[in-house]
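Each chain, written out:
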Amino acid sequence: KPHVLIIDEINRGNVSAIFGELITLLEEDKRKGNPEHIEAKLPYSGDNFSVPNNVYIIGTMNTADRSVEALDTALRRRFSFVEMQPDPEILSDEKYEKYKDVDLSKLLKTINKRIELLIDKDHQIGHSYFIGIQNIVDLQRTFKDKIIPLLEEYFYGDFGKIGLVLGGAFIEPVENKTTFPKNFEYEKNFLEDKKIYHITPSKDWDDEAFRSIYEVNNEEE
C-alpha cells in the first residue's frame, strides 16, 4: 500500500540537517525492496533504518521565494520538479463561483498577465486568494489585506507600477506640494517633478472598479 509524506515549504529548511544520511536512502534504487537497497544506522537508537519503496515524498515550495535558488543540489537530484501555475479557470467552477458580479477568473488572469510582463511568471498570484469570496466586502478585504500588500512587496513600494497592474480605480496620483530648502543644492528639480501615487480608499472599490481591471484589458486587445 503506498504511503505519502508531504513536506511543506521544503526549501526553507536546512536540507542536509533535516535528511542527513537519509538523503542517499531516498534514491529509487537504494530503497528497501529494490535490488541495491542500503541501510543507515540511526545515531541515537543504533537501529538500522531504510526507506521502503512504497513511500512517496512530496515537497512544496513557492518559486517566488528566492531561497529556492540555494536549494541543495543533492535534493534536486532526487526529486522531480513539477510546476504548478495559478489556474484562474478553477474560479469559474460552480463549486467556488459564489460571487458572480465580478468575473474573478478573468480578474486573476488579467492581473497575472501584467505581473508576468512587469516581473516574471514566478510572481503570479495564486487562485487560492479568490476561493471563498462571496460578496463585494470579501473581495475588498482580499485586495486590501492580501493582494495589494503582496504587490507592494513585489514592486518595492512603487505604487506607479501597482497602478499598471490594477488601474486608476485603485491607485491615483497625488499632487506633489512638497518644497525643499533653497539654501541647499541637490537634484531638487527631479524630486519636485517626481510623481507620487496613493492607494484609493477600499470603501470606494465597487463592482465597477474591479471590473475595470479586466475590461480595460479587453479594450486594449
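Residues numbered from 1 in each chain as written. Predicted model: local features only at pLDDT ≥ 70, side-chain atom pairs only at ≥ 80, totals over all residues. Heavy atoms only, no water.

> I would appreciate a short explanation of the overall build of the protein in the present structure.
Within the protein one finds 8 helices and 6 strands. Helices and strands in the protein line up, N terminus first, as β-α-α-β-β-β-α-α-α-α-β-α-β-α. The C-alpha radius of gyration of the protein comes to 25 Å, more than 25% above the 17 Å expected for a compact globule of 221 residues. For the protein, the C-alpha atoms occupy an extent of roughly 75 × 55 × 30 Å along the three principal directions. Residues classed as buried in the protein amount to 30% of the 221 residues present. (Helix = DSSP H or I, 4+ residues; strand = E, 2+ residues; numbered from the N terminus. Rg over C-alpha atoms; globule rule 2.2 N^0.38 Å. Buried < 20%, exposed > 50% of the residue type's maximum accessible area, 1.4 Å probe, protein only.)

> What is the right way to look at the packing of helix α4 (residues 104-118) against helix α6 (residues 159-166) in this model?
Between two packed helices, what matters for the description is the angle formed by their axes and the separation of those axes. For the pair α4 and α6, the least separation of the axes is 8 Å and the interaxial angle reads 140°. Taken together, α4 and α6 sit at an angle that is classed as oblique. Counted together, Ile111, Arg114, Ile115 and Leu118 of α4 and Lys161, Leu164, Val165 and Leu166 of α6 form the full contact between these two elements. Among the residues forming the contact of α4 with α6, the class breakdown is 6 nonpolar, no polar and 2 charged. (Axes fitted to C-alpha atoms, helices over the stretch in contact; angles between N-to-C directions. Parallel < 35°, antiparallel > 145°, perpendicular 65-115°, else oblique. Contact = heavy atoms within 4.5 Å. Nonpolar A, V, L, I, M, F, W, Y, C, P; charged D, E, K, R; others polar.)

> Is there a simple way to explain helix α5 (residues 136-154) in this structure?
Working note: α-helix, 3.6 residues per turn, so residues spaced by three or four point in the same direction. An ideal rise of 1.5 Å per residue puts 27 Å on 19 residues; α5 measures up with 25 Å between its terminal C-alpha atoms. Where α5 bends most, at Phe143, the angle is about 40°. Inspection of α5 places Asp138, Leu139, Gln140, Thr142, Phe143, Ile147, Ile148, Leu150, Leu151 and Tyr154 among the buried residues, and these make up the whole buried set. With a side-chain oxygen lying 3.1 Å from the backbone nitrogen of Val137, the N-terminal cap of α5 falls on Asn135. Following α5 by one or two positions, Tyr156 has its phi on the positive side, about 50°. (Expected span 1.5 Å × (residues − 1). Bend = angle between axes of the 7 residues up to and from the residue. Polar contact = N/O pair within 3.5 Å; in protein donor to acceptor, adjacent residues only side chain to side chain.)

> Looking at this structure, how should I read the side chain of Arg31?
Relative to the helices and strands, Arg31 resides in the loop between α2 (22-25) and β2 (40-41). Among buried Asp, Glu, Lys and Arg side chains, Arg31 stands out as unpaired, with Glu28 the closest opposite charge at 7.9 Å. In this structure the side chain of Arg31 is engaged in a polar contact, spanning 3.1 Å, whose partner is the backbone oxygen of Pro52. Leaving out residues up to four positions away in the same chain, Arg31 has contacts with Leu25, Leu26, His37, Val51, Pro52, Asn53 and Val55. (Lys, Arg positive; Asp, Glu negative; His and termini not counted. Salt bridge = Lys/Arg side-chain N within 4 Å of Asp/Glu carboxyl O.)

> Which parts of the structure should I look at to understand the layout of surface pockets?
In this structure, the largest pocket occupies an estimated 1800 Å³ of space. As for the largest pocket, its lining consists of 50 residues, of which Gly59, Thr60, Met61, Asn62 and Val82 are closest to the centre. Only β4 (55-59), α3 (73-78) and α5 provide two or more residues apiece to the lining of the largest pocket. Partitioning the lining of the largest pocket into residue classes produces 22 nonpolar, 13 polar and 15 charged. (1 Å grid on protein atoms, 1.4 Å probe; cavity = no way out; pocket = protein on both sides within 12 Å on 5 of 7 lines; lining within 4 Å. Points joined across faces, edges and corners; volume = space filled by probe spheres on them.)

> Just to check I follow, could you spell out the confidence of the model for the protein for this structure?
Caution applies to low-pLDDT regions: their predicted coordinates should not be interpreted in detail. In the predicted model, the protein carries a mean pLDDT of 86, and 90% of its residues have values of at least 70. Low confidence marks residues 217-221, where pLDDT is under 50. Its contacts with residues over four positions away, or in another chain, come to 4 contacts. (pLDDT = per-residue confidence, 0-100.)

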